[in-house]
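Chains, contacts and geometry: an overview
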Amino acid sequence: MTQLLRSLQDSQLVARFQHRCGLFPAPDEGPHENGAGPAEGAGRAPEAYMQKYIVKNYFYYYLFRFSAALGQEVFYITFLPFTHWNIDPYLSRRLIIIWVLVMYIGQVAKDILKWPRPLSPPVVKLEKRVVTEYGMPSTHAMAATAISFILLISTVDRYQYPFVLGLMMAVLFSTLVCLSRLYTGMHTVLDVLGGVLLTSVIIVLTHPAWTLLDHLDSASPVFPVCAVVVPFFLCYNYPMSDCYSPTRADTTTIVAAGAGVTIGFWLNHFFQLTSKPAHSLPAAHSILPLTPEALLLGLTRFTVGILLILLVRELVQSLSLQALYSWFKVVTRGKEARRRLEIEVPYKFVTYTSVGICATTVVPMLHRLLGLL
């Protein structure tokens, strides 16, 4: 078993997968060819080395770069709100809360285990931002597995569609994201399998309590206070790393968004925007046909909502940073200042809690005002 685990953690296995998909490190000397581009070297200081690579199969290159983006903020800040505004708020609530739990456990596990990412060389690393993070487990794999299979489990008795088709789509989505982590050189096979296995265990253990999530917003008036205090405490007391990495900031972003969404659902009762599922659940509903009118309405809702979210994010982030800089008397207001614990966690938490509230309460109110509901 030990030998098997070591083989799955071998960087050469990742490098061989990259070679099979047409991705190779460029020679050290001379200009590269066949579509070379920049990537990163190994170590905890990615700025010190810019690795070059050669792409011989652009189909896999764009497929896996796109798949990798499905586990990043740009996907979460678009797909999750889209689900709430255009598909089913009931599903989005379950999805977001379990996603936050899965991601928090995965991020904390990284900084507790402190397993390194694949070595470069021989691996080509295509992402620079997260190269300083640890590898085990792959939170991309965890998020993809959680999102795809929570959607499948939560919709199989709620909507009428072929289960096999839903299962195939869930497997395809999660598999593409998992393979993208190998292609981009950011994880070993063991990291990816560990992420999938850990998420599967979390889903199995939490599934009996999922119905409780549908009634969280009807709790006592102190509930929103707990929804802020507990997540903020968890973020502020996040495990310390040997040197700075974006893990704490990313974790705060995710947890804060979950806190904001939870408060937003609680607030929706006061504005008659509740999204409780019918008492007769499970109830199978036919999936509405995608007509041009429905498509236009959905795109309009999404455009209005995402523009408001981006505006709120920029505004709150700017105001919270200025307030924190003044409170802690920060003179040099650059990247290093934003990375300080007492600055980073509060401004991230306030910003993305506001984003969560905006997405679940303010945007639906605007939709109703504009006649888009």
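From a predicted model like this one, the values you see are computed outputs, not experimental measurements.

Observations regarding the nonpolar core
Y76, W99, I150 and I309 are the most contacted members of the largest nonpolar core, which totals 47 residues. The set of elements that each furnish at least two residues to this core consists of α4 (73-87), α5 (89-113), α6 (139-155), α7 (163-183), α8 (189-206), α11 (247-268), α12 (292-327) and α14 (341-369). Among the elements that take part in this core, α5 stands out by supplying nine residues, more than any other. When near neighbours in sequence (up to four residues on either side) are disregarded, I309 contacts I77, P81, W85, V355, C358, A359 and V363.

Here's the deal with α4
In this model α4 runs 20 Å from its N-terminal to its C-terminal C-alpha over 15 residues, within 8% of the 21 Å that 1.5 Å per residue would give. Among the residues of α4, F75, Y76, I77, L80, P81, T83, H84 and W85 are the ones counted as buried.

A short note on the packing of α4 against α5
Running from N to C, α4 and α5 cross one another at 145°; their axes reach a closest spacing of 7 Å. Of α5, the residues touching α4 (which contributes Y76, F79, L80, T83 and H84) are P89, S92, L95, I96, W99 and M103. Within the contact of α4 with α5, the residues separate by chemical class into eight nonpolar, three polar and no charged.

Looking at the side chain of R248
Tracing the backbone through its elements, the reader meets R248 in helix α11. Residues in contact with R248, not counting those within four places in the same chain, are C235, Y238, R339, R340, L341, E344 and V345.

Considerations on the confidence of the model for the protein
Taken over all residues, the pLDDT of the protein has a mean of 82, while the share at 70 or more is 87%. Of all secondary-structure elements in the protein, the lowest mean pLDDT belongs to strand β2 (residues 37-40), at 39, while α8 reaches the highest, 92. A low-confidence stretch, residues 29-48 stays under pLDDT 50, and its non-local contacts, those more than four residues away or across chains, total 52 contacts. In the model, residues 277-282 has pLDDT below 50 throughout and makes seven contacts with residues more than four positions away in sequence or in other chains.

Side note on the pattern of salt bridges
Close approach of charged atoms allows side chains of opposite charge to pair. Applying the stated criterion to the full structure yields five salt bridges. One salt bridge in this structure joins R313 and E314, with 3.7 Å as the shortest N-O distance. The partly exposed category is assigned to E314, whose relative accessible area is 45%. In this structure, the salt-bridge partner of R340 is E342, at a minimum N-O distance of 2.6 Å. What makes E342 partly exposed here is its relative accessible area of 22%.

Considerations on the packing of aromatic side chains
A complete count under the given rule lists 16 aromatic pairs for this structure. Seen from their ring centres, F232 and F349 are 5.3 Å apart, and the 85° between their planes marks the pair as edge-to-face. With a gap of 117 residues between them, F232 in helix α10 (residues 223-236) and F349 in helix α14 connect regions that are remote in the sequence. A relative accessible area of 29% means that F232 is categorised as partly exposed. By relative accessible area, F349 is classed as buried at 4%. Feature note: the residues F17, F59, Y60, F64 and Y183 constitute an aromatic cluster, connected by ring pairs. Over the face of the ring belonging to F24 we find K56, whose NZ or CZ atom lies 4.9 Å from the ring centre. For R93, the ring lying beneath its charged end belongs to F265, and the centroid distance is 4.9 Å.

Conventions we followed
- Residues numbered from 1 in each chain as written.
- Predicted model: local features only at pLDDT ≥ 70, side-chain atom pairs only at ≥ 80, totals over all residues.
- Heavy atoms only, no water.
- Core = buried A, V, L, I, M, F, W, Y, C linked by side-chain atoms within 4.5 Å.
- Buried < 20%, exposed > 50% of the residue type's maximum accessible area, 1.4 Å probe, protein only.
- Helix = DSSP H or I, 4+ residues; strand = E, 2+ residues; numbered from the N terminus.
- Contact = heavy atoms within 4.5 Å.
- Expected span 1.5 Å × (residues − 1).
- Axes fitted to C-alpha atoms, helices over the stretch in contact; angles between N-to-C directions.
- Nonpolar A, V, L, I, M, F, W, Y, C, P; charged D, E, K, R; others polar.
- pLDDT = per-residue confidence, 0-100.
- Salt bridge = Lys/Arg side-chain N within 4 Å of Asp/Glu carboxyl O.
- Phe/Tyr/Trp six-rings, centres within 6.5 Å; stacked < 30°, edge-to-face > 60°.
- Lys NZ or Arg CZ within 6 Å of the ring centre and 35° of its normal.

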